[in-house]
Amino acid sequence: MKVAILGAGPAGLSCALELKRKGVIPTIFEKKSYIGEDYALPAAVLRIFNPQYNNVIKYFKKRYNLSIYPKNKIEKITMKSPSKEITVKGNLGYVLMRGREKDSLENQIFASLNIPVQFDTYGTIKNLQRDFDYIVAATGSCDGAKEMGIFNRDFNVYSRSATVLGNFNETHVKMWLNTEYAKNGFAFTMPFSKSHARLTLLINNIPHQEISFYWNEFLKTENIKFNMIEIRDLEHNLGQTYPLNIDNVYFVGDAAGLVDNFVGFGVTAAIESGFIAAKSILRNLNYTKLMEPYINNRKKLYEFRKSLNIMDNDELDRLLMFIGTPLIKQFIYNNPFLKYKKHGCWLSCLMV
């Protein structure tokens with residue numbers, strides 16, 4: 001059996017690991033010359049949006065025999081709207097580090113793999129389909145799914161992200177909601193050390209040339225004065241690939257549209273999709289059907305996202321005031337569903 005994997009990110013490497021365990025050595029193509037993102041990028045796994053991951057570290061060890069360790073825990077989240085601020089404390093999730101460092105998530109998985117990667121090689125589905133029995137698209141891009149006509153776009157988001165210096169509590173994530181500078185998006189700080197954090201602003205449906213205006217409005221409005229040592233802009237095409245495989249081509253991770261379109265994280269779904277794609281290939285199973293729980297969870301988060309898309313700042317204030325009520329906070333963090341009624345529609349968000 002000849003399997004080509006396009007991309008050496010968490011999804012592609014997880015797929016390769018499972019294939020190798022069953023005696024199939026895939027060929028991994030990676031367009032970069034190294035494993036990992038080209039800059040430090042903390043990714044959150046929040047229990048409130050990932051109900052199956054009560055403890056993501058134990059979950060992956062038990063389910064896939066994958067040993068990974070987080071950068072740090074998340075024990076406090078502060079959410080701020082224009083006139084309200086609430087803080088939630090508890091066992092809220094983990095930060096998994098992405099990047100080129102030895103302890104990044106990608107390099108943790110790669111260390112368990114011990115097979116060569118063809119670096120500086122840009123493989124494409126069309127070029128490889130005749131030479132391999134299976135192609136696993138783990139490119140981190142939906143371009144392949146678009147070309148095959150199976151990608152449905154939800155919306156576009158631009159992000160500006162900076163590495164900032166300061167004195168941080170590594171377990172404390174801060175989040176801002178304000179339509180004046182984020183439209184229907186949000187901003188957040190996520191520490192990855194006591195002295196470094198990522199400060200990110202996500203704005204939906206704007207032209208790229210406007211991002212500087214909104215970024216400056218954000219910094220001014222929230223009186224943010226961090227020393228910034230790196231700034232990057234990215235465009236994110238959020239949507240769903242369906243079905244997740246056609247013939248011998250399997251889409252995993254971001255290429256499968258598994259990034260949730262509420263907070264924009266997808267690393268855990270990427271790992272899962274890699275293992276499940278390998279299982280499907282090895283046992284000739286229906287990959288799309290096996291991934292239905294993850295697809296449905298993403299759909300529920302999208303419904304919640306649409307409810308926020310029609311809120312103005314006054315409504316965001318009221319939402320935080322509602323969430324900040326002690327009994328409501330307890331309800332949200334100990335029950336699987338939060339329902340929100342807006343303009344006559346019940347919208348469900350899968351929680352805790």
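Residues numbered from 1 in each chain as written. Predicted model: local features only at pLDDT ≥ 70, side-chain atom pairs only at ≥ 80, totals over all residues. Heavy atoms only, no water.

*Asks:* I would appreciate a short explanation of the overall build of the chain in the present structure.
*Replies:* Secondary structure summary: the chain contains twelve helices and 16 strands in total. The contacts in the chain between residues at least 6 apart in sequence include a share of 70% that link residues at least 24 apart. (Helix = DSSP H or I, 4+ residues; strand = E, 2+ residues; numbered from the N terminus. Contact = heavy atoms within 4.5 Å.)

*Asks:* Looking at this structure, how should I read the side chain of Asn245?
*Replies:* Tracing the chain through its elements places Asn245 in strand β13 (residues 245-246). Only 3.2 Å separates the side chain of Asn245 from the side chain of Thr288, close enough to count as a polar contact. (Polar contact = N/O pair within 3.5 Å; in protein donor to acceptor, adjacent residues only side chain to side chain.)

*Asks:* Is there a simple way to think about the nonpolar core in this case?
*Replies:* Counting 64 residues, the largest nonpolar core has Ile5, Ile28, Leu66 and Phe251 as the members making the most contacts within it. A per-element tally of this core places helix α8 (residues 267-283) first, with nine residues. Contact partners of Phe251, with chain neighbours within four places excluded, come to Ile125, Ala137, Gly144, Ala145, Met148, Ile150, Thr241, Leu244, Ala256 and Tyr287. One finds Ala44, Val157, Phe188 and Leu319 within the second-largest nonpolar core, a separate group that totals 28 residues. (Core = buried A, V, L, I, M, F, W, Y, C linked by side-chain atoms within 4.5 Å. Buried < 20%, exposed > 50% of the residue type's maximum accessible area, 1.4 Å probe, protein only.)

*Asks:* Looking at this structure, how should I read the side chain of Asn72?
*Replies:* Tracing the chain through its elements places Asn72 in strand β4 (residues 72-80). The exposure class of Asn72 is buried, given its relative accessible area of 9%. A polar atom in the side chain of Asn72 sits 2.7 Å from the backbone oxygen of Glu170. With sequence-adjacent residues up to four places away left out, Asn72 is seen in contact with Tyr94, Val95, Glu170, Pro191 and Phe192.

*Asks:* How do you make sense of the sheet that holds strand β3 (residues 41-46) when you look at a structure like this?
*Replies:* Sheet strands pair by backbone hydrogen bonding; their relative direction is either parallel or antiparallel. Here eight strands make up an open sheet; going across it, the order is β3-β5-β4-β9-β10-β11-β8-β12 and the pairing mixed. Each end of this open sheet is capped by a strand with a single partner; those strands are β3 and β12 (227-241). If you compare each strand with its neighbour and ignore which way they point, the axes differ by 30° on average. (Pairing = 2+ DSSP bridges. Axes fitted to C-alpha atoms, helices over the stretch in contact; angles between N-to-C directions.)

*Asks:* Would you mind going over the sheet that holds strand β7 (residues 134-137) with me for this structure?
*Replies:* Taken in spatial order, the six strands make up an open sheet running β6-β2-β1-β7-β14-β13, and their pairing is mixed. In the strand order of this sheet, the two ends are held by β6 (117-118) and β13, each with one partner. Two strands pair when backbone bridges link them, and β13 and strand β14 (residues 249-251) are joined in this way by two bridges, in the antiparallel orientation. Along β14, the bridge assignment pairs Asn245 with Tyr250. In the packing of helix α1 (residues 10-21) onto the sheet, contacts are made with β1 (3-6), β2 (27-29) and β7, and the angle to β1 comes to roughly 160°.

*Asks:* Got a minute to help me understand the pattern of salt bridges in this structure?
*Replies:* Pairing of side chains with opposite charge becomes possible as their charged atoms draw close. In total, this model carries 13 salt bridges according to the counting rule given. For Asp233, the salt bridge is made with Arg160, and the minimal N-O distance between the two is 2.7 Å. In this pair, Asp233 sits in strand β12 while Arg160 sits in strand β8 (residues 151-165), placing the two residues 73 residues apart along the sequence. (Salt bridge = Lys/Arg side-chain N within 4 Å of Asp/Glu carboxyl O.)

*Asks:* Is there a simple way to think about the packing of aromatic side chains in this case?
*Replies:* How two aromatic rings sit relative to each other is given by the distance of their centres and the angle of their planes. Counted according to the given criterion, the structure contains twelve aromatic pairs. Pairing Tyr59 with Phe60 gives two aromatic rings, centres 5.4 Å apart and planes at 80°, and the pair type is edge-to-face. With respect to burial, Tyr59 and Phe60 carry one shared label: buried. Among the aromatic side chains, those forming a connected cluster through ring pairs are Tyr59, Phe60, Tyr64 and Phe275. A cation sits over an aromatic face here: Lys2 above Phe132, 5.1 Å from the ring centre. (Phe/Tyr/Trp six-rings, centres within 6.5 Å; stacked < 30°, edge-to-face > 60°. Lys NZ or Arg CZ within 6 Å of the ring centre and 35° of its normal.)

*Asks:* Even after reading the chapter, I still don't get the packing of α1 against α8, so can you show me in this structure?
*Replies:* Each pair of packed helices can be summarised by the angle the axes make with each other and by the distance between the axes. Contact pair α1 / α8: the axes reach a minimum separation of 7 Å and the direction vectors enclose 35°. The hand of the α1/α8 crossing is right-handed. For the pair α1 and α8, the contacting residues are Pro10, Ala11, Ser14, Cys15, Leu17, Glu18, Leu19 and Arg21 in the first and Val267, Ala270, Ile271, Ser273, Gly274, Phe275, Ala277, Ala278 and Leu282 in the second. Its residues assigned to classes, the contact of α1 with α8 shows twelve nonpolar, three polar and two charged. (Left-handed = near helix turned anticlockwise from the far one by under 90°. Nonpolar A, V, L, I, M, F, W, Y, C, P; charged D, E, K, R; others polar.)

*Asks:* Explanation requested: α8 in the structure shown.
*Replies:* Because an α-helix completes one turn every 3.6 residues, residues spaced three or four positions apart along the sequence face the same direction. Spanning 17 residues, α8 covers 25 Å between terminal C-alpha atoms, matching the ideal 24 Å at 1.5 Å per step. With respect to burial, α8 is a largely interior element, 14 of its 17 residues being buried. Where α8 ends, the next residue or the one after it, Asn284, has phi of about 55°, a positive value. (Expected span 1.5 Å × (residues − 1).)

*Asks:* Please clarify how the confidence of the model for the chain should be interpreted in this entry.
*Replies:* Regions with low pLDDT should not have their predicted coordinates read in detail. Overall, the prediction assigns the chain a mean pLDDT of 86, with 88% of residues at 70 or greater. For the chain, the element scoring lowest by mean pLDDT is strand β16 (residues 345-350), at 30; β1 scores highest, at 98. Here residues 335-352 scores under 50 on pLDDT; set against residues more than four positions off or in separate chains, the count is 56 contacts. (pLDDT = per-residue confidence, 0-100.)

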